[in-house]
Amino acid sequence: MPQSLFEKVWNAHVVEALPGDNALVFVDRVVAHEITTPQGALEIEREYGDTLYDPGRIVAINDHVSPAKDMETAIQAKVLRDWAKRHKIALFDIGQNGICHVVTPERGYVEPGMTLACGDSHTCTLGAFGAFALGVGSTAQGGAMLAQTLVLQRPKVMRVIVNGRLQGGATAKDLALHVIATLGFKGGTGYVLEYAGSAIDALSMDERMTLCNMAIEAGATTGMCPPDETTFSYLRGRENQPTGEDFEAKVAFWRTLRADPDATYDREITLDVDALRPMVTWGTNPGEAIALGAQIPADAEASSLKYMGVEAGSDLRELELDQAFIGSCTNSRLSDLRAAAEVLRGRTVTIPTIVTPGSQAVKRAAEREGLHDIFQDAGCLWTHSSCGPCLGMSMGVLAPGGRCISSTNRNFPGRMGTGGRVHLASPAVVAASAVLGRIASPSELGVVDATATVTATEVRA
Amino acid sequence: MIIAGTVLPLDRANVDTDQIIPAHNLTGIEKTGLGKHLFTGMTGGAELLARHSEAAILVARENFGCGSSREHAAWSLADRGFRAVIAPSFARIFYENAYNNGIAPIVVDATEIDALLESIFASIDLEREVIARDDGGEVPFTLDPLRKQFLLSGGYMKFLASKIETVRAWESAKGSPRA
Ligand code: SF4
């Protein structure tokens, strides 16, 4: 039987079939952060003798509010830290940490063919490596720490073929928004999105992570990209990966993880990206996105228009902004910062602008090439790494009615603060908007393609 | 098992977990005591909850519980006494979290929702898999046969704990699944 990439990974991890199309699925790696891990860890401590199936398969990262903002978040971080130390779990803490979905690949903890689970919906980011990586609740994460397995209903598989070449300022973020706008905000529910096609093959690992990061925003279980030379060279020589022959033996296995030519899918869609241009969201879910410069559709959802304070038929470029944010697990890797810096070099922002690198390793790499000077010369706030303003939990919270252009992944009501309004876009569009104080394309500043000159150098910690 | 109670009608689609419980309320380390934050991220949420303070059954439109994986959404509903959510569709992670916390996620045909939103009271028979509406009608649904046991007898974690030996045996028979 020919198999898709997803099927190859899934079949290799099914421990046993369970009633109702469920399966007990082995989890190679559990990623644990301070917001959603303590509840399961404490339950295991109380009810199951504090025993973990294999602490060596867990990676713990303080990331959401790090350093802590108050006593409660300090307790969360301390619980994670103490638990990790007690079980000799690899821990990334203040100073060496970053957003878990950025740190995990950077440190070589994800590889093709793996299964990964984390109490965080954007774990799908790691599907960029040809892994099956998904977000789960705290109880399911706890179960994966206790018994190294998840109970999962087998998802359906949608093949998403992306032809053409990203150009004219279009980035992986715009592709991600395009996919969600095409499928609809819940159009991927029940599916794994298995990407294929020439446009995907041409993406760097940073870009594949941006694309897979937003699979959940179409409701999908996760996204997956076929592993190839780009994947292998990202992992070659990386921390927590073997070297020499041992690594090459792994590569030989990873090469077998491509979908078989006549594999069948539950659904298939084909997109062409040659004509894709920068996108921006106008509404309150990531599927409510349009090309920058297009009009808000006439049939736009009334409640979304009302919350966002916009009108059908209007042009988003007329809106004045209160804040700009470049960061999050979607767009905070080195290539994202380079693209934003390309736009900001020699210019000045006119609204409060926060730039938050995805990890401390990204921060240091960016500083080695002077990006922090470009940002700060432009008047941006250059911060340490964390989730930061993305989830409206610590710094950068919006005032009610406040409008922010953001390189993040969610524009839900209240996401960055109660009543706050979020427009999602690529780092280059956020940077251009920060300069002009309204939603703007980099081309308005004469920067046609900020990513064209950016090379994806993959950060090593 | 029968879940009977008054209905809180939430006539909205795509109710995301930021609306159910905003991120700034996620600063605890336990699953308990989160009911006071329920729907505080939703415009009009607090008023709606106050009008239906005794409700045990939530009725909503499609794609309920989308967004973040935060199980706090399920914990805050459970803490306020909700034992079932009825909707035409759920986001996957919320759907799983609901089962793991004694909340029945009940999927019904979208055409049934208008009448259920009008209901004051509903009675859900988990064994027979039907909802008895207060107008006398019955609405069928299907539960996940495995997760139904988590609802009836509790314990996703307990179930997994019972599988540890099976998993170890599988792992050693297979060698590293990563080859
Ligand atoms: S950066 Fe934002 S979306 Fe990503 S893990 Fe952190 S809070 Fe979640």
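These numbers were taken from a predicted model, which means no experiment stands behind them.

Counting through the fold element by element, R147 of chain B comes out in helix α6 (residues 147-153). Since its relative accessible area comes to 3%, R147 of chain B is described here as buried. Apart from residues no more than four positions distant in its own chain, R147 of chain B is found in contact with N22, V151, L152 and Q153 of chain A together with E96 and Y99 of chain B.

What follows is about the sheet that holds strand β11 (residues 222-224) of chain A. Residue and element names in this part refer to chain A. With parallel pairing, four strands are arranged side by side in an open sheet as β11-β10-β9-β12. Two strands close off the open sheet at either side, each with one partner strand: β11 and β12 (267-272). With direction set aside, neighbouring strand axes in the sheet form an average angle of 25 degrees. Taken together, the six bridges between strand β9 (residues 156-163) and β12 define a ladder with parallel strand orientation. Its bridge partner being in β12, I161 is matched across the sheet by T270.

I164, V167, W170 and E171 of chain B are the residues of helix α8 (residues 164-174) of chain B that are buried. The arc that holds every buried residue of α8 of chain B, seen down its axis, measures 125 degrees, which confines them to one face. Counted as exposed and oriented over 90 degrees from the buried face of α8 of chain B: E165, S172 and A173 of chain B. The elements touched by buried residues of α8 of chain B are β1 (14-18), β2 (22-26), α5 (138-147) and β8 (149-153) of chain A together with α7 (156-161) of chain B. The positive-phi residue at the C-terminal boundary of α8 of chain B is G175 of chain B, with phi of around 75 degrees.

All told, the structure shown has 18 aromatic pairs over all chains when counted by the stated rule. Taking 5.1 Å as the distance between ring centres and 70 degrees as the angle between the ring planes, the aromatic pair formed by F129 of chain A and Y234 of chain A counts as edge-to-face. Pair noted here: F129 of chain A is in the loop between β6 (115-118) and β7 (132-135) and Y234 of chain A is in helix α9 (residues 229-235), with a separation of 105 residues, a long-range link. Look at F129 of chain A and you get buried, because its relative accessible area is 0%. Ring geometry for Y95 of chain B versus Y99 of chain B: centroids 5.2 Å apart, planes at 90 degrees, classification edge-to-face. On the criterion of helical spacing, the pair formed by Y95 of chain B and Y99 of chain B is a turn pair, its members being four residues apart in helix α4 (residues 92-99). Through pairs of rings, three or more aromatic residues link up here, namely F64, F90, F94, Y95 and Y99 of chain B.

Once that is clear, we can look at the interface of chain B and chain A. Where the parts come together, the accessible area they lose is often given as the size of the interface. Across the contact, 50 residues belong to chain B and 67 residues belong to chain A. Buried surface at the junction of chain B and chain A, summed over both partners, amounts to about 5,100 Å²; 58% is from carbon and sulfur atoms. Run the count over chain B and chain A and you get six salt bridges. Here K186 of chain A ties to E62 of chain B by a salt bridge, and the two come within 3.7 Å at their closest N and O atoms. Taken together, the links from chain B to chain A amount to 28 residue pairs in polar contact (both at pLDDT 80 or more). The element that contributes the greatest number of residues to the side of chain B that touches chain A is α8 of chain B, accounting for seven residues. The residue inventory of the side of chain B that touches chain A, partitioned by class, reads 19 nonpolar, 14 polar and 17 charged.

Residue and element names in this part refer to chain A. Examined against the element boundaries, G127 turns out to sit in the loop between β6 and β7. For the pair G127 and F247, spaced 120 residues apart in sequence, the C-alpha to C-alpha distance is 20 Å. Setting aside chain neighbours within four positions, we find G127 in contact with A133, C212, G223, M224 and C225.

Further remarks concern the domain arrangement of chain A. Residue and element names in this part refer to chain A. Domains assigned within chain A are domain 1 (5-269) and domain 2 (283-445). Each of domain 1 and domain 2 has a C-alpha centre, and the two are 25 Å apart. Of the roughly 2,600 Å² buried between domain 1 and domain 2, counting both surfaces, carbon and sulfur atoms make up 61%. Here R410 and E217 are joined by a salt bridge, their closest N and O atoms 3.1 Å apart. Between the two partners, domain 1 and domain 2, sit 18 residue pairs in polar contact (both at pLDDT 80 or more). Those elements giving two or more residues to the side of domain 1 that touches domain 2 turn out to be α4 (100-106), α6 (172-183) and α8 (205-213). Its residues placed into classes, the side of domain 1 that touches domain 2 shows 13 nonpolar, 14 polar and seven charged.

Right, let's get into the pattern of salt bridges. Under the defined criterion, the tally for this structure stands at 35 salt bridges over all chains. In this structure, K8 of chain A and D260 of chain A form a salt bridge, with 3.0 Å as the shortest nitrogen-oxygen distance. Taken together, the residues span a long stretch of sequence, with K8 of chain A in helix α1 (residues 5-11) and D260 of chain A in the loop between α10 (244-254) and β12 at a distance of 252 residues. Residues R236 of chain A and E248 of chain A are paired through a salt bridge, measuring 3.2 Å at the closest nitrogen-oxygen approach. Taken as a pair, R236 of chain A in the loop between α9 and α10 and E248 of chain A in helix α10 lie far apart in primary sequence, 12 residues in all. Among the charged side chains, a network of salt bridges with common partners joins D28, D54 and R57 of chain A together with E171 of chain B.

Let us now look at the site of the ligand. All names here are of chain A. By nearness alone, every residue bordering the ligand is listed as H64, I99, H101, D120, H122, S328, C329, C387, C390, L391, N409 and R415. Residues belonging to the shell around the ligand are distributed by class as follows: five nonpolar, five polar and two charged. When residues of the shell around the ligand are sorted by domain, at least three fall in each of domain 1 (5-269) and domain 2 (283-445).

Within the secondary structure layout, F185 of chain A lies in the loop between α6 and β10 (191-196). Among the residues examined, F185 of chain A registers a relative accessible area of 10% and is labelled buried. Sequence-wise, F185 of chain A and I216 of chain A are 31 residues apart; in three dimensions their C-alpha atoms are separated by 9.0 Å. Beyond its immediate sequence surroundings of up to four residues, F185 of chain A is in contact with I180, E217, A218, G219, N285, P286 and F412 of chain A together with N14, N63 and C66 of chain B.

Moving on to the environment of L52 of chain A. Residue and element names in this part refer to chain A. For L52, the position within the fold is in the loop between α2 (38-47) and β4 (58-61). Among the residues examined, L52 registers a relative accessible area of 11% and is labelled buried. Taking the C-alpha atoms as reference, L52 lies 25 Å from R154; in sequence the two are 102 residues apart.

About the thresholds
- Residues numbered from 1 in each chain as written.
- Chains lettered and ligands numbered in written order.
- Predicted model: local features only at pLDDT ≥ 70, side-chain atom pairs only at ≥ 80, totals over all residues.
- Heavy atoms only, no water.
- Helix = DSSP H or I, 4+ residues; strand = E, 2+ residues; numbered from the N terminus.
- Buried < 20%, exposed > 50% of the residue type's maximum accessible area, 1.4 Å probe, protein only.
- Contact = heavy atoms within 4.5 Å.
- Pairing = 2+ DSSP bridges.
- Axes fitted to C-alpha atoms, helices over the stretch in contact; angles between N-to-C directions.
- Arc of directions from axis to C-beta.
- Phe/Tyr/Trp six-rings, centres within 6.5 Å; stacked < 30°, edge-to-face > 60°.
- Buried area = accessible area lost by both parts, 1.4 Å probe.
- Salt bridge = Lys/Arg side-chain N within 4 Å of Asp/Glu carboxyl O.
- Polar contact = N/O pair within 3.5 Å; in protein donor to acceptor, adjacent residues only side chain to side chain.
- Nonpolar A, V, L, I, M, F, W, Y, C, P; charged D, E, K, R; others polar.
- Domains from an automatic or database assignment.
- Near = heavy atom within 4 Å.

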